[in-house]
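# Structural features, examined
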Amino acid sequence: MWAIIFVYVLLLVGNSDGRLSPGAPVLFAHGDPSSSVAQGAAAAGAEAARARPAAMPLPNSLTRLRGGSRARRIVVLGPPGSGKGTLCAELVRDISAVHLSSGDLLRDAIKRSSPLIDEETRKSVESGGLVRDDVVTSIVMSRLLDDGECARRGWILDGYPRTAAQARKLMERQETEPDLVILLDVDKQVILDRILGRMIDPVTGTIYHTSYLPKNPEILARLVRRTDDQQQFFERRYEEYVSNIDAIRSVFGTKLHSIKGSSTINITVQLVLKLLSEASSI
Ligand code: AP5
Ligand code: MG
């Protein structure tokens, strides 16, 4: 009975609050919250948020997540372009947590010419290959373990792990063991269309899509594509995903929940909030 009511509410909200529909215009921001790009992105996200009514009231158990209960640790996985970054940017509006994207952390380290980045890593990121486990693990773990904000507020990790070895690293330590692992399930053709149309504002980090471009001519003129957003690189990223995901599933076992990521972003967000609410009431 409750399941039927929940689905009904989702359908109502999904159609009425202006959050993203499949193939609909896109205006979302995501990125490393501590970087200047992400701070700009947050501002742009807030602007986008003003265009939307507030999210559904949270269930009681979830309200605790915003307040003082233990910080949550969430992992969001999915094929390239499945909407991981978009979902996380939405979730941090409802949950007090730091959004960390391994792809954004790597791109940021490349831009800063960090000593952790060698030529092999740079090439992998730009052409859709997997970065070596030790390199990406060191970058991600240093944020999870050394960043006080992550410890205090919890985190939503987007794009890590990508291999079973990375998943085991997370599970090895109590401080990095996730409470919940979400896997976004989206058909290949849908994500290819999303990736080939993605445009990014390098100043604010805001993600657009060719079906929804900003009206401001100054912003429009500076939009760029990610170098790996080309069909041949996408195929490589997708193959890497397919060849690793089953092994990752077995590391996480019942912590992992697969949800459809091809519906409106609002429906996807509400499904994740429901899972979190259930997890927090255990
Ligand atoms: P978006 O939210 O940007 O999708 P995404 O899943 O974040 O896609 P990415 O391309 O960022 O994923 P990725 O895993 O390939 O790359 P990453 O940066 O992690 O959405 C995509 C588009 O769809 C946007 O236009 C958006 O607006 C739109 N959209 C979203 N939701 C929608 C919806 N519901 N309806 C309609 N449209 C929607 O990694 C990059 C590289 O870094 C990797 O290739 C690899 O080289 C390296 N790397 C990163 N992490 C690791 C790791 N753990 N191990 C090894 N290498 C790594
Ligand atoms: Mg992303």
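Quick note: structure is the one above.
To keep things clear, this report deals only with the structure shown in the data block. From a predicted model like this one, the values you see are computed outputs, not experimental measurements.

Judged by nonpolar contacts, the single largest core of 30 residues is most densely connected at Leu-77, Leu-144, Leu-157, Leu-170 and Phe-252. Where this core is concerned, the elements lending two or more residues are strand 2 (72-77), strand 3 (98-101), helix 5 (102-111), helix 7 (133-146), strand 4 (154-158), helix 9 (164-172), strand 5 (180-185) and helix 12 (231-252). Ranked by residue count, the leading element in this core is helix 7, at six residues. For Leu-77, the residues in contact, after removing those within four places along its chain, are Lys-84, Tyr-160, Pro-161, Val-181, Ile-182, Leu-183, Leu-184, Ile-248, Phe-252 and Leu-256. In this structure, Val-76, Cys-88, Ala-97 and Ile-265 belong to the second largest nonpolar core, which totals 18 residues.

Let's shift gears to the sheet that holds strand 2. One open sheet accounts for five strands, arranged 3-4-2-5-8; its pairing is parallel. Edge strands, defined here as strands with exactly one partner in the open sheet, are strand 3 and strand 8 (256-260). Sheet twist, expressed as the mean angle between neighbouring strand axes with direction ignored, is 20 degrees. Here helix 13 (residues 265-280) sits on the sheet in contact with strand 2, strand 5 and strand 8, set at roughly 155 degrees to strand 8.

Taking 1.5 Å of rise per residue, 16 residues should cover 22 Å, and helix 13 covers 22 Å from first to last C-alpha, within 8% of that figure. Looking at helix 13, one finds that the buried residues are Ile-265, Asn-266, Ile-267, Thr-268, Val-269, Gln-270, Val-272, Leu-273, Leu-275, Leu-276, Ser-277 and Ser-280.

Before going further, it helps to examine helix 12. The end-to-end C-alpha distance of helix 12, which contains 22 residues, comes to 30 Å, matching closely the 32 Å that a straight helix rising 1.5 Å per residue would cover. The largest bend in helix 12 amounts to roughly 40 degrees and is located at Ile-245. Following helix 12 by one or two positions, Gly-253 adopts a phi angle in the positive range, close to 55 degrees.

Okay, the pattern of salt bridges next. With the rule as written, the count across this model stands at 24 salt bridges. As a salt-bridge pair, Glu-172 and Lys-169 come within 3.6 Å of each other at their nearest N and O atoms. Of this pair, Glu-172 and Lys-169 both sit in helix 9, three residues apart, roughly one helical turn. Residue Lys-169 is classed as partly exposed on the basis of its relative accessible area, which comes to 37%.

The contact between helix 4 (residues 84-94) and helix 13 brings their axes to 10 Å, and the two run at 60 degrees. As judged from the angle between their axes, helix 4 and helix 13 are oblique. Once helix 4 is placed against helix 13, the crossing between them reads as right-handed. Residues Thr-86, Leu-87, Glu-90, Leu-91 and Asp-94 of helix 4 touch helix 13, and the partners they reach there are Ile-265, Thr-268, Val-269, Val-272 and Leu-273.

Cis geometry marks the peptide bond from Tyr-160 to Pro-161, where omega comes out at 5 degrees. In this structure, Ser-113 takes a positive phi of about 50 degrees despite not being glycine. Structurally, the position occupied by Ser-113 is in the loop between helix 5 and helix 6 (119-127). The exposure class assigned to Ser-113 is exposed, which follows from its relative accessible area of 60%.

Parameters and conventions
- Residues numbered from 1 in each chain as written.
- Chains lettered and ligands numbered in written order.
- Predicted model: local features only at pLDDT ≥ 70, side-chain atom pairs only at ≥ 80, totals over all residues.
- Heavy atoms only, no water.
- Core = buried A, V, L, I, M, F, W, Y, C linked by side-chain atoms within 4.5 Å.
- Buried < 20%, exposed > 50% of the residue type's maximum accessible area, 1.4 Å probe, protein only.
- Helix = DSSP H or I, 4+ residues; strand = E, 2+ residues; numbered from the N terminus.
- Contact = heavy atoms within 4.5 Å.
- Pairing = 2+ DSSP bridges.
- Axes fitted to C-alpha atoms, helices over the stretch in contact; angles between N-to-C directions.
- Expected span 1.5 Å × (residues − 1).
- Bend = angle between axes of the 7 residues up to and from the residue.
- Salt bridge = Lys/Arg side-chain N within 4 Å of Asp/Glu carboxyl O.
- Parallel < 35°, antiparallel > 145°, perpendicular 65-115°, else oblique.
- Left-handed = near helix turned anticlockwise from the far one by under 90°.

Everything listed is a geometric property; what it means functionally is a separate question.
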